Every structure is written in structure tokens, then in C-alpha cells.
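Summary of the model geometry
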Amino acid sequence: MLTQQELEKSPLFRDITYDEYQAMLGCFQAVQKTFRADDLIYDFSSKGNDVVGIVERGTASIIRIDEEGVATVLEELNTGGVFGRTLAYAGSVRDSLEVVCRTPCDVLFIDYAHIVKRCERACLHHSLLVQNMLRLMADKAQDLSQRIDVLSRRSIREKLLCYFRQLAEKEGSGTFTLPFSLSTLADYIATDRSAMMRELKRLREEGVLRSDGRRFTLCS
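Cut-off values and rules
- Residues numbered from 1 in each chain as written.
- Predicted model: local features only at pLDDT ≥ 70, side-chain atom pairs only at ≥ 80, totals over all residues.
- Heavy atoms only, no water.
- Helix = DSSP H or I, 4+ residues; strand = E, 2+ residues; numbered from the N terminus.
- Expected span 1.5 Å × (residues − 1).
- Buried < 20%, exposed > 50% of the residue type's maximum accessible area, 1.4 Å probe, protein only.
- Arc of directions from axis to C-beta.
- Contact = heavy atoms within 4.5 Å.
- Polar contact = N/O pair within 3.5 Å; in protein donor to acceptor, adjacent residues only side chain to side chain.
- pLDDT = per-residue confidence, 0-100.
- Core = buried A, V, L, I, M, F, W, Y, C linked by side-chain atoms within 4.5 Å.

Comments concerning helix α7 (residues 193–205)
In this model α7 runs 18 Å from its N-terminal to its C-terminal C-alpha over 13 residues, within 8% of the 18 Å that 1.5 Å per residue would give. Within α7, the full set of buried residues consists of Ala195, Met196, Glu199, Leu200 and Leu203. One face of α7 carries all of its buried residues, which in axial projection span an arc of 140 degrees. On its buried side, α7 packs onto α5 (156–171), α6 (182–188), β10 (209–212) and β11 (215–218). The distance from a side-chain oxygen at the start of α7 to the backbone nitrogen of Ser194 is 3.1 Å, and the residue carrying that oxygen is Asp192. Of the residues one or two after α7, Gly207 is the one with positive phi, at around 80 degrees.

What to know about the confidence of the model for the chain
On average, residues of the chain carry a pLDDT of 84, and 90% of them reach 70 or more. No element of the chain has a lower mean pLDDT than helix α3 (residues 112–116), at 73, and none a higher one than α7, at 94.

Some words on α5
Look at α5: 22 Å from first C-alpha to last across 16 residues, which is about the 22 Å you get at 1.5 Å a residue. Burial in α5 covers these residues: Lys159, Leu160, Leu161, Cys162, Tyr163, Phe164, Gln166, Leu167 and Ala168. Buried residues in α5 make contact with α4 (124–151), β9 (175–177), α6, α7, β10 and β11. Positive phi appears at Gly172, one or two residues downstream of α5, with a value of about 75 degrees.

Quick look at the nonpolar core
Here is a general trend for soluble globular proteins: nonpolar side chains tend to be buried in one another's company. In terms of nonpolar packing, the biggest core is built from 23 residues, with Leu160, Tyr163, Phe164, Leu178 and Leu185 touching the most fellow members. Secondary-structure elements contributing two or more residues to this core are α5, α6, α7 and β11. Here the element with the most residues in this core is α5; it accounts for 7 residues. Apart from residues lying up to four places away in sequence, Leu178 is in contact with Tyr163, Phe164, Leu167, Leu185, Arg214 and Phe216. By size, the runner-up hydrophobic cluster in this structure holds 20 residues, among which are Leu12, Met24, Leu25 and Val52.

Dropping the structure here:
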């Protein structure tokens, strides 16, 4: 169960009070599960797996694995992150789409049918939850559009700069924090890690970029 502070950070439960959240858990027959690092949390291809998952604690990734075994990170999920078939990404029928733990995770699962079915009590918080779900779907569509913008770039340099500019814009500053490791960054922009590291080195040498761990600054 989320704490009150964690609930306030969850986009799915936006504008829903803690008392209403607690009442929902019983009404929706929510189930909480605990996972270890590298555990598989969710497989989008599993039949009958129409649930919405909410990351209560920890971090996870939505990963697509193509028929050649190449993994691509589609999204990073932190506390309050939401996933499920109804919020899925489209892909080839031969691709595997999974949610995998980066760190130990507590995840809350709610059957999608419980969310969208008409509430007999016409609860306001139930309507708010549906609105939040629709907002999340719109946000994920926007994130996917930005991801396409990155992947459509022809060179590693262009992909890196495109993604870094997106992060800087979200931060409202030329300085920003990478939301994941450099290894995951290589997966995210769908490129070889060694080649990416060489390009990062060149960007630093040219004065285009400064970095300290996961903290980056675009200089031009």
C-alpha cells in the first residue's frame, strides 16, 4: 500500500484522498506483490493479463526484445509509474514486451475491468481515477512521440543531443540529470554502448557537453 506521501506523487491517484485510495483497494480487489531486482513483473503477451500495475516502490523498465534478441528500453518506471496492456506500445507479434525490475519493487495490481466498469455508488473518486487513466494514456502518447523523434535521428550524436535537449527542456535548464544509467541510455537510443561512450567523449572534448556522473550540462 502506498503511503500518503507516495500517493500524492502517483499520477493515477491524482486528486484522490488517502481515505478514498484505501477504500478503492478493497473495491477494486487490488493485489500487492513484491519483486527482486531483475525479476519479470509483467508480460504484455500473456493472455488474460488485463491488469494495470502501479509501481509503489523501486524502479522498473518497459523493455521490448525483438526476434533477434536485441533489447530496447521503451520507458523507465519510478514510484507512481503505471503500466498495463491498455497503456501498451504497439510492436511486431514476434517481439516480446516486458516490465522488468531495475531494483527491488513493490507493485500494486488492479484489474482493468474494475477501473472502467460503472461504479454502483457513482463515487467521485472512481470518476477521477478514470480521468487520470485517460490523462496517463495521453501523456504516454506524448512520450512515445518524443521517443520516435530520438530514434529517427540518423547518427548516435544526433540521437544523444536530441534526447539531452528533451531532458533540458523538461528541466527548464541546460543542466539535467539522466534518469537512468549510461548502459540503459544506450538501450534507450538503440545503439551500441561502446560507440555511444566514444561519442559522449567527443562531445565533451568539443565543449558541447559537460558531465559529472549522471548530471549533464549542454553548453551550446
